[in-house]
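# Topology and contacts: notes
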Amino acid sequence: MAAHFEPATAAPARPKKLYQQLYVQVLVAIALGIALGHFWPETGASMKPLGDAFIKLVKMIIAPVIFLTVSTGIAGMTDMQKVGRVAGKAMIYFLVFSTLALIVGLIVGNLIQPGTGLHISPASLDAKAVQSYAAKAHDSSVVGFLQNIIPDTIVGAFASGDILQVLFFSVLFGLALSMVGERGKPVLDFLQALTSPIFKLVAILMKAAPIGAFGAMAFTIGRYGIGSVANLAMLILTFYLTAAIFILVVLGAVARYNGFSIFALIRYIKEEILLVVGTSSSEAALPSLMEKMEAAGCKRSVVGLVIPTGYSFNLDGTNIYMTLAALFIAQAMDIHLPLGDQVLLLLVAMLSSKGAAGITGAGFITLAATLSVVPAVPVAGMALILGIDRFMSECRAVTNFIGNAVATIVVARWEGELDQNRLHAALSGAVVTSEDGAPLPLPAE
Ligand SMILES: O=C(O)C[C@H](O)C(=O)O
């Protein structure tokens, strides 16, 4: 499958009508889901299986996509030290920006004080409601997290679909494949050939995205109601605004510095962003993001290393949320948090956020993990924000998602593995296609 790309001036092949565009379909599906959930809450809530089924479809394909992308990407590299360099640079980027996100949450929480004046007494909180989250949180120690990256068995990694476990095996396999040289060529050819149908499958599955987004949205509104938003509007508003500013100003500046526009990037991945909004899960668009980043000129080896690790280590939305929500709980319960406690919160969150995931509600569990180590803010206070978590989850997921798209381009450029022409062609809407006209990534270089 020889890929080619058409210059920005070329007329797009087979232009789609508006209603045929996936992002329009997802947008309409989200609007219908909100309407159904609002006017017929019970019927809306019963749509949950549609959202769940779509997420399962995507999860089904995540492990093969990561394995094929990473193993063929690494096996095709001639400079093996590059693997370590890409991983190292990605980790530096993740550390800087996820810490920045935590600090932004702290600053905004102190400036706006969204919880001040609520005067919630601990006795009025239903501590039991958050017990199960706190229990899950206790399981996630740092050592346990690191050890869990090594799968018990290869099959187990694929069976559980654990992103880091699959990534771990894929990196090792890719390295081994490149070390055996010519003898490994038939395997490499086979894996490269397998990439086409797997990405084709991703494209087919994405056609069901409107159904998934509709079901998940109808459930969210039907179960939690738009009314539940009103009580905690200040926190929701503050979080959404902060996340928007983080994306447009902080990530926007990073993008600009690296020669592309954040708006153009957002336009390029708009279908995926809407899907993430609809399903409240950044993982729902992970395979598609990998495909699009490669089509936008980031080398496969970089895409394969940065995106899966970013889904565990670079969760900007989750990080902003954690410090902001912790401050909100303290303020609402009239607990004064001196600077020392806030610094402790930051340090603990820096570690605990690394175990978060791209599935809905993951940020809430991570917050429980953080607060269970920071004595000043009671975990029971999370009962206050449990009811609106689904709405926070959407914003966490979108911010995480865009953060990882930016990270991939930046690390690729940093490592000299970015085709700038291709990036600009893709971001300006020119078609990057395979010969059959389908939008597909370039084959492994
Ligand atoms: O999907 C994500 O990236 C985050 C998740 O939705 C969450 O609720 O924390």
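As recorded in an unreviewed UniProt entry, the protein goes by C4-dicarboxylate transport protein and comes from Bosea spartocytisi. UniProt, in the comment section headed Sequence similarities (unreviewed entry), describes the protein in these words: "Belongs to the dicarboxylate/amino acid:cation symporter (DAACS) (TC 2.A.23) family." Here the protein is described in UniProt, under the heading Function (unreviewed entry), as follows: "Responsible for the transport of dicarboxylates such as succinate, fumarate, and malate across the membrane."

Quick look at the packing of aromatic side chains now. Taken as a whole and assessed by the stated rule, the structure comprises 10 aromatic pairs. Put simply, the rings of Phe67, Phe158, Phe169 and Phe173 touch in pairs and so form one group of aromatic residues. Above the ring of Tyr23, the side-chain terminus of Lys270 is found at 4.5 Å from the ring centroid.

Below, the discussion takes up the packing of helix α9 (residues 185-206) against helix α15 (residues 286-295). Helices that pack against each other are described as a pair by the angle of their axes relative to one another and the distance between those axes. Taken N-terminus to C-terminus, the directions of α9 and α15 make an angle of 125°; their axes are 10 Å apart at the nearest point. The angle between α9 and α15 places the two elements in the oblique class. Of the two elements, α9 crosses α15, and the hand of that crossing is left-handed. Taking contact as the criterion, the partners of Phe199, Val202 and Met206 in α9 are, on α15, Pro287, Ser288 and Glu291. By residue class, the composition of the contact of α9 with α15 is 4 nonpolar, 1 polar and 1 charged.

Moving on: the site of the ligand. Around the ligand sit 14 residues in total, of which Ser282, Gly361, Gly363, Ser393 and Arg396 are the nearest. Taking Ser280, its main chain carries an N or O atom lying 2.8 Å from an oxygen atom of the ligand. Interatomic distance of 2.8 Å between a side-chain N/O atom of Arg396 and an oxygen atom of the ligand. Burial of the ligand by the protein chains amounts to 100% of its free accessible area of 260 Å².

About the thresholds
Residues numbered from 1 in each chain as written. Predicted model: local features only at pLDDT ≥ 70, side-chain atom pairs only at ≥ 80, totals over all residues. Heavy atoms only, no water. UniProt positions renumbered as here; feature names shortened; annotations may be inferred. Phe/Tyr/Trp six-rings, centres within 6.5 Å; stacked < 30°, edge-to-face > 60°. Lys NZ or Arg CZ within 6 Å of the ring centre and 35° of its normal. Axes fitted to C-alpha atoms, helices over the stretch in contact; angles between N-to-C directions. Helix = DSSP H or I, 4+ residues; strand = E, 2+ residues; numbered from the N terminus. Parallel < 35°, antiparallel > 145°, perpendicular 65-115°, else oblique. Left-handed = near helix turned anticlockwise from the far one by under 90°. Contact = heavy atoms within 4.5 Å. Nonpolar A, V, L, I, M, F, W, Y, C, P; charged D, E, K, R; others polar. Near = heavy atom within 4 Å. Polar contact = N/O pair within 3.5 Å; in protein donor to acceptor, adjacent residues only side chain to side chain. Areas by Shrake-Rupley, 256 points an atom, 1.4 Å probe, with all protein chains shown as cover.

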